[in-house]
Amino acid sequence: MRTASLALGPLFAIAAYASDSHYGVRGDLHFPLRARATNNDGSLPLYKDPNASIEDRVNDLLPRMTLEEKVAQLIQGDMNGWMNFNDPLDDTLTFNQTGLEEMMRLKAGAIWGGYLTPWDKFVYGVTIGQKYLMENTTLGIPALIQSEGLHGFTNNGTIWPSPIGLAASFNTDLLKQAAATIADEAEGLGISHIFAPVLDLSRELRWGRVEENFGEDPFLTGEMGHAYVTGLQSGKRRNASSSAIARVAATCKHFAAFGSPQGGLNTAQVTGGERELRSTYLKPFNRACVESLSIMTAYSSYDGIPAIANTHLLTEILREEWGYKYWVTTDAGSVDLLINQHGTCDSRECAAKITLENGLSGEMGGGTYTFLTLPDQVKAGTVDIKFVDETVKTMLRTKFALGLFENPYPYDDYLKTLRTPETRELLHQMEQESIVLLENRNNVLPLSKSISSLALIGPQVDRVSFGDYVFFNATKNGISPLAGFTQHLANTSVSITHAPGCELWSNDPSGIPDAVAAAKAADAAIVMVGTWTLDQTLLWTPGTNATTGEHVDLSDLGLVGAQLQLVQAVKDAAAGKPVIVVLVSGKPVAEPWIQAHADAVIQQFYPGELGGLALAEMVFGDVNPSGKLPVSFPRSVGTTPVFYNYLKGARFVDAGEVLDDGSLKFGHQYVLDSPIPLWSFGHGLSYTTFNYTDLTLSKSTIGTSEDLDVSLTVHNTGDRDGKEVVQVYMTDLVSSVVTPNQELVGFQKVDLASGENKKVTIHINSSQLAVWSLSNKFVVEPGQFAIKVGTSDQTFLNTTLTVR
């Protein structure tokens, strides 16, 4: 685990502060109360010196601030307080002066700017806000300007595949580049704070937000999260200070254990102990977020303690043990949940107090702004100002780290970095690498362009299915599968017939006969079905429907409505012809019939703007599939959880089955089903074949503090160029506590021409061998460890490591 030391610094005594009008300001230092942004001797205040260290600037600025100014740094404001962003098409460049002044008086630390609005209007609004803060407030403290960027900058920026699709690429270098383009698009508009990545684990598949995660595995999630944070933050804003270390702040969320709510219900409690917290949920955050400039807490409780007020989690582990020194914010409205959901407070004052004192975090909007009670609470002595001071320091560190005191403004040439050809080229590659080939019976794929006709069937064919956290009308920038196949086959003689067959959200089968007719008349049929979500406007609009996304939780992981009936009808009717099923979804779809009967099955987690084109390229062999599953697929919701890295002894198998003719084959685990996934983590086929040889360890026996290298040679033995994801798994054979049956400890994506071979070396840190021991600390225990190369359900090569 990554750790660092953190000195919280001296906490000022109340007696040192000035009179009530300047409450919170040190009156015994080197600046006059009448002009707090100056020094008594006329020298430049250290906080204004771009060459000073970040800590020196923070420590110089904090004592100059009044209590009200400090609290204003802790509460999220909103650009809509001085702008009018209610009409996404309106381009009027005007602002409300009264609203601006009131917003900056009370909520000036971070400003929400996640609106769909013309770029020039947004730039105007940011400039107005930052100029007011820099030029019309006493101390000139700029604001963080915030927006979403889960899988692309949302104000008409480039939309990438949902994070679960990004993870399917198993390509950290590509994700790092993708995140850099998100920062490129946001930075020029004056945005300095992006709410991503999400590092919750997709282990509870009923939960609606599975699509927002990088999958079920802590190691993969940590590596992908680290790539995103690094790509987003790397570099500096123009004209930033010499001590600035990033240009846009990432926000790791939701800290922590948020993705496994009881019953799969959003914001519900998460049950677990310290060992599970340390061994599973915290690992991705420790890998990805120690250098992230912000973290967002979770709505839920863990082991009965609300995450936003969990001293052990937020202070003892995050601040003291890991040494995290930057900004932590609550999620929207979550402080009020202490009153109206968790029942651990009976007043706004209580909610603000325990959130601040237990978490050293600020308050996002979306609730009653409980932190507005803090000035009175401090003056009354019910809240110690040291907690306000320490939390404000974390905000100031983040701002100085971004160089905002030197340049918080949008760039004049912001258009140069929005929706560029270079970004589109990277997006195209990511779309291609994110598609997973699950089944390919008799090598039916790729299809030949010499066929005469192709039937495109299903409700996902003529639809751009983005994941959640995109803005209204974002799909207009996307290419549907119908458009993608049409474009890709434009210069061939292949004719395309389209028949929806059914709607995603309807049991009405009346369109199925037309789909069956289209399949019968074609040389091959592709049936596209799956889940769906909506943009951030429609998803929260009463009367709309969706099957995935935030606050959209499922009790059944099968296809909704008439979709399965459609697939079965087409397969039955198109006897002797290839029937390919494409699952377009934000989470695993549990349909054993499709796995057992389709000639080929393709998984496309919610794609980005070029998803329809990439799918066509893959189906016809212009692209060789290289995606791997970041999450396992259950046979039914009743067989969940189905993650691969279950603890030893947790998955006995004595399977039963309901056969196609309706007859029953009884078992015990389960009586009429199996706990074995349809497809397991790490699975994904290619149009070529790979072989592995020469597995070696840098040392077959190591000490408890030694790292390890695993080396092997991978060969492309097929007739096509291809990319393979080399995966290394480890099992601690005998340990003092129960450990996973296997864990991913390393991976690398390798590009191999036909007939080519490459030596691959994967480094494993000694800390990856550690267990959370009976003495409540991570320990690498002597013993034997099984090392295998393959996927979670296949072994290509294996050996044994001894630790002494």
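Residues numbered from 1 in each chain as written. Predicted model: local features only at pLDDT ≥ 70, side-chain atom pairs only at ≥ 80, totals over all residues. Heavy atoms only, no water.

*Asks:* Run through the packing of helix H16 (residues 481–488) against helix H20 (residues 611–619), naming residues and quoting values.
*Replies:* At a minimum axis distance of 7 Å, the contact between H16 and H20 shows a crossing angle of 55°. With respect to their mutual orientation, H16 and H20 come out oblique. Of the two possible hands of crossing, H16 and H20 adopt the one that is right-handed. Together, Pro481, Gly484, Phe485, Gln487 and His488 of H16 and Gly612, Leu613, Leu615, Ala616, Glu617 and Val619 of H20 make up the contact between the two elements. For the contact of H16 with H20, a count of residues per class yields six nonpolar, four polar and one charged. (Axes fitted to C-alpha atoms, helices over the stretch in contact; angles between N-to-C directions. Helix = DSSP H or I, 4+ residues; strand = E, 2+ residues; numbered from the N terminus. Parallel < 35°, antiparallel > 145°, perpendicular 65-115°, else oblique. Left-handed = near helix turned anticlockwise from the far one by under 90°. Contact = heavy atoms within 4.5 Å. Nonpolar A, V, L, I, M, F, W, Y, C, P; charged D, E, K, R; others polar.)

*Asks:* Give me the lowdown on the sheet that holds strand S26 (residues 783–791), citing residues and values where you can.
*Replies:* The five strands are arranged S19-S27-S26-S21-S22 in an open sheet whose pairing can be described as mixed. Every other strand in the sheet has two partners, leaving strand S19 (701–702) and strand S22 (743–752) as the edge strands with one partner each. By the bridge criterion, nine bridges tie S26 to strand S27 (residues 794–803) in an arrangement that is antiparallel. Considered in S27, the bridge of Gln784 is made with Thr802. (Pairing = 2+ DSSP bridges.)

*Asks:* For the nonpolar core, give the residues involved together with the corresponding values.
*Replies:* Membership of the largest hydrophobic core comes to 130 residues, with the highest contact counts inside it found for Leu61, Met79, Trp82, Leu175, Leu232, Phe255 and Val388. If sequence neighbours within four positions are ignored, Leu61 has contacts with Tyr47, Leu139, Ile141, Leu396, Phe400 and Phe405. Grouped together as the second largest cluster of nonpolar side chains are 44 residues, Ala455, Cys502, Ile512 and Val631 included. (Core = buried A, V, L, I, M, F, W, Y, C linked by side-chain atoms within 4.5 Å. Buried < 20%, exposed > 50% of the residue type's maximum accessible area, 1.4 Å probe, protein only.)

*Asks:* Now, about the state of the cysteines: what can you tell me, with residues and values included?
*Replies:* One way to say it: the disulfide is the covalent bond shared by the sulfur atoms of two cysteines. One pass over the structure, following the stated rule, counts two disulfides. Two residues share a disulfide in this structure: Cys252 and Cys289, whose sulfurs sit 2.2 Å from each other. Taking the torsion about the S-S bond as the criterion, the Cys252 to Cys289 disulfide, at about -100°, is left-handed. Linking Cys252 in strand S5 (residues 252–255) with Cys289 in the loop between helix H9 (283–288) and strand S6 (294–297), this pair joins segments that are 37 residues apart in sequence. (Disulfide = S-S within 2.5 Å.)

*Asks:* Requested: an account of helix H10 (residues 311–321), with residues and values cited.
*Replies:* When we look at burial in H10, the residues that qualify are Leu313, Leu314, Thr315, Ile317, Leu318 and Arg319. Packed against the buried residues of H10 are S5, helix H8 (274–281), S6, strand S9 (327–329), helix H12 (348–359) and helix H14 (385–401). By the N-cap criterion, in which a side-chain oxygen at the helix start approaches the backbone nitrogen of a residue two or three places on, H10 is capped by Asn310, the distance to His312 being 3.1 Å. In the stretch just after H10, Gly323 is the one whose phi turns positive, near 75°. (Polar contact = N/O pair within 3.5 Å; in protein donor to acceptor, adjacent residues only side chain to side chain.)

*Asks:* Residues and numbers for the pairing of strand S3 (residues 144–148), please.
*Replies:* Within S3, five of the five residues are buried, which leaves the element mostly enclosed by the surrounding structure. Taking every second residue as pointing to the same face, both faces of S3 are buried, with Leu144, Gln146 and Glu148 on one and Ile145 and Ser147 on the other. Sheet topology places strand S2 (residues 110–112) next to S3; three bridges connect them, and they run parallel. Residue pairing across strands places Ala110 opposite Leu144, the latter belonging to S3. Taken together, S2, helix H4 (residues 119–136) and S3 constitute a β-α-β crossover, and its handedness is right-handed. Strand direction decides the pairing type here: S3 and strand S4 (residues 193–195), joined by three bridges, are parallel. Counterpart to Ser147 in the pairing with S4 is Ile194. (Right-handed = clockwise from strand over helix to strand, strands pointing away.)

*Asks:* Tell me what's going on with unusual backbone geometry, and back it up with residues and numbers.
*Replies:* In this structure, the amide linkage connecting Phe255 to the following residue, Ala256, adopts the cis form with an omega of 0°. Among the structural elements, Ala256 can be located in the loop between S5 and H8. Note the cis peptide between Leu445 and Pro446, where omega equals 5°. Tracing the backbone shows Pro446 in the loop between strand S10 (436–440) and strand S11 (453–457). Of note, the phi angle at Asn239 is positive, near 60°, even though the residue is not glycine.

*Asks:* Account for the layout of surface pockets, naming residues and giving values.
*Replies:* Each pocket or cavity is described by its volume, and for the second largest pocket that value is around 710 Å³. Around the second largest pocket, the lining comprises 30 residues; the ones closest to its centre are Trp112, Gly114, Glu148, Phe471 and Gln536. Sorting the residues of the lining of the second largest pocket by element identifies strand S1 (76–78) and S5 as the ones contributing at least two each. (1 Å grid on protein atoms, 1.4 Å probe; cavity = no way out; pocket = protein on both sides within 12 Å on 5 of 7 lines; lining within 4 Å. Points joined across faces, edges and corners; volume = space filled by probe spheres on them.)

*Asks:* Can you lay out the environment of Tyr644 for me, pointing to particular residues and giving the numbers?
*Replies:* Inspection of the secondary structure puts Tyr644 in the loop between H20 and strand S16 (657–658). Aside from chain neighbours lying at most four places away, what touches Tyr644 is Glu216, Asp217, Ser632, Arg651, Phe681, Tyr729, Asn741, Gln742, Glu743, Leu744 and Ser792. For Tyr644, the side chain forms a polar contact with the side chain of Asp217, separated by 2.6 Å. Of note is the side chain of Tyr644, whose polar atom sits 2.8 Å from the backbone nitrogen of Leu744.

*Asks:* Which residues make up the pattern of salt bridges, and what values go with them?
*Replies:* Taken as a whole and judged by the stated rule, the model has 30 salt bridges. Where Lys393 meets Glu390, a salt bridge forms, and the shortest distance between an N and an O atom there is 3.7 Å. Highlighted residues: Lys393 and Glu390, both in helix H14, separated by three residues, approximately one helical turn. Considered together, Lys393 and Glu390 belong to a single accessibility category, that of buried residues. Salt bridges linked by common partners bring Asp184, Glu187 and Arg247 together as one network. (Salt bridge = Lys/Arg side-chain N within 4 Å of Asp/Glu carboxyl O.)

*Asks:* Can you explain the packing of aromatic side chains? Please cite residues and give values.
*Replies:* Considering all chains together, one arrives at 23 aromatic pairs under this definition. On the numbers, 6.4 Å between centres and 25° between planes, the contact of Phe85 with Phe122 is stacked. Here Phe122 lies in helix H4 and Phe85 lies in the loop between S1 and helix H3 (97–106), a separation of 37 residues in the sequence. Between Tyr644 and Phe681 the ring centres are 4.7 Å apart and the planes differ by 15°, which places this aromatic pair in the stacked class. (Phe/Tyr/Trp six-rings, centres within 6.5 Å; stacked < 30°, edge-to-face > 60°.)

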